[in-house]
Amino acid sequence: EKLSDMATPRSEHTTAMIVSATNDSTVLSACGENVVTPATEILTNTTWDARANPPQFQQRFAAGFTDRANIARMVGGIDETNKQTNRGEWYDVKSGWRLMPRMQTPRAKFPMLHIAGVRDTTNYYMAIGGESTTTSSTADCELFSLPTSTNVNGIWEPFNQLVNSGYDKVASIDTFNL
C-alpha cells in the first residue's frame, strides 16, 4: 500500500523509529530544508500526521538516531542562521521535543554510530567528523552517553580524532576498526 504524501515536502531532514504513546513502533520525521518553521510528522499506519509537536529549533543535515530506549534523537546540523550547530533534542511522545546536552563541536552532515556489540550493554553513541563550517570539515569525534541515574541528561565527551577529516560520509564498525 502506498504511503500518503507528507504535509510538507522536505529533504535534509531527520528520520527515526520511535515507540508511540500507544506503544506501537512508528516513524518520525523532523525539520529539513523546505521547512521554514520546524515541524514533526509521525507516520500513523500509511498516513503522515503533521499534528506532532515541532522541534524547538530548525536543524537540517542533523544526525538522527533512535537510542536503545526507542527514543528519537536529533543532534547537530545547520541551524536557522545557516551555521553548524552543536544543539540537540530528543522526542518525548507525550510532550514533544526536549533539549539534550550540546555536543562539544558544532557540526553537520556526520554519521552517528551505536558503539556496542550484540552482547554489550554499552549506551554510547559516537559522532564522527562532519562539516564544521560551510568550507571545512572536522576530524573531531565525540561520545554521547545515554542518561543514567548519575547523568540524568546524558553527557558528551571527546574521543580520538579521525586521521583525516571529512563530512557527508557513511561510517560502520567491524570487529576491530571504524
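Everything numeric in this text was worked out from a predicted model, so none of it was measured. (Residues numbered from 1 in each chain as written. Predicted model: local features only at pLDDT ≥ 70, side-chain atom pairs only at ≥ 80, totals over all residues. Heavy atoms only, no water.)

## Things to note about unusual backbone geometry
Part 1 of the reasoning: Non-glycine residue Cys31 carries a positive phi angle of around 60°.
Part 2 of the reasoning: For Cys31, the location among the structural elements is in the loop between strand S2 (25–30) and strand S3 (40–44).
Part 3 of the reasoning: Backbone geometry places Asn70, a non-glycine residue, at a positive phi of 65°.
Part 4 of the reasoning: Summarising the element assignment, Asn70 is placed in the loop between strand S5 (63–66) and strand S6 (72–75).
Part 5 of the reasoning: Residue Asn70 is classed as partly exposed on the basis of its relative accessible area of 39%. (Helix = DSSP H or I, 4+ residues; strand = E, 2+ residues; numbered from the N terminus. Buried < 20%, exposed > 50% of the residue type's maximum accessible area, 1.4 Å probe, protein only.)

## What to know about the sheet that holds strand S10 (residues 124–128)
Part 1 of the reasoning: Here four strands make up an open sheet; going across it, the order is S9-S10-S13-S14 and the pairing antiparallel. Strand pairing shows two members of the sheet lacking a second neighbour, strand S9 (112–114) and strand S14 (155–159), which therefore form its edges. Averaged over all pairs of adjacent strands, the angle between strand axes in this sheet comes to 25°, irrespective of strand direction.
Part 2 of the reasoning: Looking at chain direction, strand S13 (residues 141–145) and S14 are connected through five bridges and run antiparallel. (Pairing = 2+ DSSP bridges. Axes fitted to C-alpha atoms, helices over the stretch in contact; angles between N-to-C directions.)

## Observations regarding the sheet that holds strand S4 (residues 47–49)
Part 1 of the reasoning: As summarised here, the arrangement of the four strands in space is S1-S2-S3-S4, forming an open sheet in which the pairing is antiparallel. Among the strands making up the open sheet, the edge pair consists of strand S1 (14–19) and S4. Shown here is a sheet whose adjacent strand axes are inclined to one another by a mean of 30°, direction ignored.

## Considerations on the environment of Asp24
Part 1 of the reasoning: Mapped onto the elements of the fold, Asp24 is located in the loop between S1 and S2.
Part 2 of the reasoning: Asp24 sits in the partly exposed class, given a relative accessible area of 44%.
Part 3 of the reasoning: Separated by 12 residues in the primary sequence, Asp24 and Glu12 place their C-alpha atoms 26 Å from one another.
Part 4 of the reasoning: Sequence-distant contacts of Asp24, that is, excluding residues within four places in its chain, are made with Ile18 and Val19. (Contact = heavy atoms within 4.5 Å.)

## Quick look at the packing of aromatic side chains
Part 1 of the reasoning: What the rule picks out here adds up to three aromatic pairs.
Part 2 of the reasoning: Both rings, one in Phe144 and one in Trp156, keep their centres 5.0 Å apart while their planes meet at 40°; by these two values the pair is tilted. Placement of Phe144 in strand S13 and of Trp156 in strand S14 is noted, with a sequence separation of 12 residues between them.
Part 3 of the reasoning: The exposure class assigned to Phe144 is buried, which follows from its relative accessible area of 0%. (Phe/Tyr/Trp six-rings, centres within 6.5 Å; stacked < 30°, edge-to-face > 60°.)

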